[in-house]
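# Descriptive analysis of the structure
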Amino acid sequence: MIEQGTSQQRGNNLDPWYHHYAQRTSGLAASEVRALFAVASRPEVVSLAGGMPFVSALPQDLVSGAMERVMREQGAVALQYGSGQGVPALREQILEVMALEGISGSADDVIVTTGSQHALELFSKLFIDPGDVVLAEGPSYVTAMVIFKSYQAEVDHVPSDEHGLIPEALREHIARLKSAGRRVKFLYTVPTFHNPAGVTLTWERRLEILEIARQNDILVLEDNPYGLLYFDQKPPAAMRSVEKDGVVYLGTFSKTLAPGFRVGWALAPHAIREKLILANEAAVLSPSSFSQLVISEYLKDADWRGQIDTFRGVYRERKEAMISALEEHLPELSWTNPNGGFYVWVTLPPHLDSKAMLPRAVTELVAYTPGTAFFADGSGAQNIRLSFCYPTPENIRVGVRRLANVIGGEQDLLDTFAGTGPLEAAPRRSRTSANPPTDLR
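Every value quoted in this text rests on a predicted model; they were computed, and no experiment measured them. (Residues numbered from 1 in each chain as written. Predicted model: local features only at pLDDT ≥ 70, side-chain atom pairs only at ≥ 80, totals over all residues. Heavy atoms only, no water.)

## A word on the pairing of strand β2 (residues 110-113)
- Here β2 shows two buried faces, one formed by Val 110 and Val 112 and the other by Ile 111 and Thr 113.
- The pairing of β2 with strand β9 (residues 264-267) spans four bridges and is antiparallel. The residue of β9 that forms the bridge with Val 110 is Leu 267. (Buried < 20%, exposed > 50% of the residue type's maximum accessible area, 1.4 Å probe, protein only. Helix = DSSP H or I, 4+ residues; strand = E, 2+ residues; numbered from the N terminus. Pairing = 2+ DSSP bridges.)

## Some thoughts on the packing of aromatic side chains
- The final tally for this structure, using the stated rule, is 13 aromatic pairs.
- Geometrically, the ring pair formed by Phe 342 and Tyr 343 is edge-to-face, given 5.9 Å between the ring centres and 70° between the ring planes.
- Taking the centre distance of 5.8 Å and the plane angle of 80° together, the rings of Trp 345 and Phe 374 count as edge-to-face. Note that Trp 345 is positioned in strand β11 (residues 343-347) and Phe 374 in the loop between β13 (369-370) and β14 (383-387), a separation of 29 residues in sequence. An identical accessibility class is assigned to Trp 345 and Phe 374; each is buried.
- Linked through ring pairs, Phe 123, Phe 127, Phe 148, Phe 186 and Tyr 188 together constitute an aromatic cluster.
- A cation over a ring is seen here: Arg 312 above Tyr 230, with NZ or CZ 3.9 Å from the ring centre. (Phe/Tyr/Trp six-rings, centres within 6.5 Å; stacked < 30°, edge-to-face > 60°. Lys NZ or Arg CZ within 6 Å of the ring centre and 35° of its normal.)

## Concerning a nonpolar patch on the surface
- A cluster of nonpolar side chains, Trp 17, Tyr 18 and Tyr 21, forms an exposed patch at the surface whose accessible area comes to about 390 Å².
- Within the secondary structure layout, Trp 17 lies in the loop between α1 (7-10) and α2 (32-40). (Patch = residues over 30% accessible without salt bridge, like charges linked within 9 Å, V, L, I, M, F, W, Y side chains within 5 Å. Areas by Shrake-Rupley, 256 points an atom, 1.4 Å probe, with all protein chains shown as cover. Salt bridge = Lys/Arg side-chain N within 4 Å of Asp/Glu carboxyl O.)

## Description of the nonpolar core
- Formed by 75 residues in total, the largest nonpolar core has its most connected members in Leu 90, Met 98, Phe 253, Tyr 315, Leu 326 and Leu 386.
- Excluding anything up to four places from it in sequence, Leu 90 contacts Val 112, Phe 253, Val 263, Gln 292, Ile 295, Ser 296 and Leu 299.
- Core analysis: the next-biggest nonpolar cluster, separate from the first, contains 36 residues, Phe 148, Ala 266, Ala 373 and Phe 375 among them. (Core = buried A, V, L, I, M, F, W, Y, C linked by side-chain atoms within 4.5 Å. Contact = heavy atoms within 4.5 Å.)

## Focus on the packing of helix α7 (residues 167-179) against helix α8 (residues 203-215)
- Running from amino to carboxyl end, α7 crosses α8 at an angle of 15°, the nearest separation of the two axes being 10 Å. As judged from the angle between their axes, α7 and α8 are roughly parallel. Note on packing geometry: the crossing formed by α7 with α8 is right-handed. The segment α7 lies against α8, with Pro 167, Leu 170, Arg 171 and Ile 174 engaging Arg 205, Glu 208, Ile 209 and Ile 212.
- Broken down by class, the residue content of the contact of α7 with α8 amounts to five nonpolar, no polar and three charged. (Axes fitted to C-alpha atoms, helices over the stretch in contact; angles between N-to-C directions. Parallel < 35°, antiparallel > 145°, perpendicular 65-115°, else oblique. Left-handed = near helix turned anticlockwise from the far one by under 90°. Nonpolar A, V, L, I, M, F, W, Y, C, P; charged D, E, K, R; others polar.)

## Some details on the sheet that holds strand β10 (residues 334-335)
- Judged by pairing direction, the sheet is antiparallel, and its four strands sit side by side in the order β10-β11-β14-β13 without closing on themselves. Each edge of the open sheet carries a strand with a single partner, namely β10 and β13.
- Here two bridges tie β13 to β14, and the two strands are oriented antiparallel to one another. Among the inter-strand pairings, Pro 370 is bridged to a residue of β14, identified as Ile 384.
- Helix α11 (residues 304-329) contacts β10, β11 and β14 of the sheet and is inclined by roughly 15° relative to β11.

## What about helix α5 (residues 116-127)?
- Taking 1.5 Å of rise per residue, the twelve residues of α5 would be expected to cover 16 Å, and the 17 Å separating its terminal C-alpha atoms lies within 8% of that figure.
- Inspection of α5 places Ser 116, His 118, Ala 119, Leu 120, Leu 122, Phe 123 and Ser 124 among the buried residues, and these make up the whole buried set. (Expected span 1.5 Å × (residues − 1).)

## Here's the deal with the pattern of salt bridges
- In total, this model carries 21 salt bridges according to the counting rule given.
- A salt bridge links Arg 205 to Asp 161; the shortest N-O distance between them is 2.8 Å. You can see Arg 205 sitting in helix α8 and its partner Asp 161 sitting in strand β4 (residues 154-161), a full 44 residues away along the chain. For the residue pair Arg 205 and Asp 161, the accessibility class agrees, reading buried in each case.
- Residues joined in a network through salt bridges with shared partners are Arg 69, Glu 297, Lys 300 and Asp 301.

## So, the sheet that holds strand β3 (residues 133-138)
- Pairing within the open sheet is mixed, and its eight strands lie in the order β2-β9-β8-β7-β6-β3-β4-β5. With partners counted over all chains shown, the strands left at the sheet margins are β2 and β5 (164-165), one partner each.
- Direction of pairing for strand β8 (residues 247-252) relative to β9: antiparallel, over a ladder of four bridges. Its bridge partner lying in β9, Thr 252 is registered against Gly 264.
- Packed onto the sheet, helix α9 (residues 270-284) meets β2, β7 (219-223), β8 and β9 and runs at close to 25° relative to β2.

## Things to note about the side chain of Thr 189
- By the secondary structure assignment, Thr 189 is in strand β6 (residues 184-189).
- For Thr 189, a relative accessible area of 1% gives the class buried.
- Polar contacts involving the side chain of Thr 189 include one to the side chain of Glu 137, which spans 2.5 Å. (Polar contact = N/O pair within 3.5 Å; in protein donor to acceptor, adjacent residues only side chain to side chain.)

## What about the packing of helix α4 (residues 88-99) against helix α10 (residues 289-301)?
- At a minimum axis separation of 9 Å, α4 and α10 run at an interaxial angle of 50°. Classed by the angle they form, the pair α4 and α10 counts as oblique. The interaxial crossing formed by α4 with α10 has left-handed handedness. Contact with α4, carried on its side by Ala 89, Leu 90 and Gln 93, involves Gln 292, Ile 295, Ser 296, Leu 299 and Lys 300 of α10 and no other residues of that element.

Laid out in C-alpha cells, this is it:
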C-alpha cells in the first residue's frame, strides 16, 4: 500500500507536482518582454516594448510565390522529416548571407535550428554545468539570461559604454572570477546593434576582446540578429570573420525575412558542430523542412538584398521618429542613438524606477521594457528599452508623448511626497550616433 505523502512532498496548492521538478527549473522565469505582449496587443496601447519586426514591409507575393513553388516542385520533401543539420542548399545560401559581414566558412559547419534562440539553448545545453559562470554585457539580452539560468549558470555582467563591451573591465572580471576559483565557460555577446542598448562594439575592441578570450581559453558566443539592418554606415565585420576556432556564431532570418518561419543557424568549429547536430536531433529530430525550403526558394529567386535595404529604410525612419520625439518631449533624459537594429536605451532621472513605473505607463496606454529585465541581478531600474521597429512613426511619437506624461507624473509625485526636490535640467547632449550617452553600466 502506498502511503500518502505530506503536503510538502506532494506539492503546494497551486502546483501539486512542485517538489517533483528538476532543480534547474528554478532558473526558469517569465520574461518581462513576453509578459508585456498580452498588454501590448491591445489596439489602444502604443507598444514600445517588444522587438517585433515590421513584417508588413515584406511583400506577400515574395513569400507566397516561394511557398507555391516549393509545394509544386518539392512537396513530398517539404512535408517530410529532414536532416538534423538542415537542408544542404539552404546551408550553402547561409554562407552568402554571412559573407556580407565578412564571414567565410563551409556549409558543413552550418547547423540550421528552429530560430537562433534554439541554437542558443542547444549551445547552453552542451556547455553549461551547474555553477558555471557565463560572461555577458551589462545589460544583456533577456531571454539568453533565462536560458543560462535554466541550466544553473551564474551570469556575470561586464560593463559596457557607447562603444560596447569594455575590454579592461572584461580582464578584471576574468581575473576576479579565476582568483575566486570560478569556472568561466564562455562569453556571450551581441556586438552589433546590441539588444537592449543599441550600441555597436568597435572593431578595435572586437580584436582586443578576442585576444583576451584566447589568452584565457574562453569561447565566444557571438549572437548577431541585427547586423545587416544598419542605417547610414555599415558596422564592423563580425567577430567570427577573424576568429574561426574560438567563436560560435548565431544568425537568424527572423529579422531580415520573418520570425514566423523560425529558422536560424549556428556556425561552429568542427567538433562543436558535431555535438550541436546531435543535440538538435535530440531536441527536435529535425528543423522544419518546409520552412527551410521556402526560405531557400526565396533566397534563390527574390531580390533578398533589396528587401533588406527596404527594411533598413523602414527602421531608419522609425528610429529617427523616436529620437526626434525624445528630443521634443524628454530633452532632460539621455539615450543611445543606434545606427541600426531595433532599440534605444534610455536613462531615467535619479530616483525613478522603470519597473515600478510600468503599471502607470500601461494605464497611460504606452508600454516599454524596464531595464531590470536585462540584468541577471535585477539592476537597471534607472533604464528603459524602447523598441522602434514595429509601431508607425506617428504611433512612436504618440507613445513617447505618453511616456513623457508618465515620467512627469512620477517626478511630480517624488517632488511632492519624497522630498527629493525639483530635478535640475541635465545639460543638453549631442544626439549623434557617434556620441551617445555613456551610462550603460
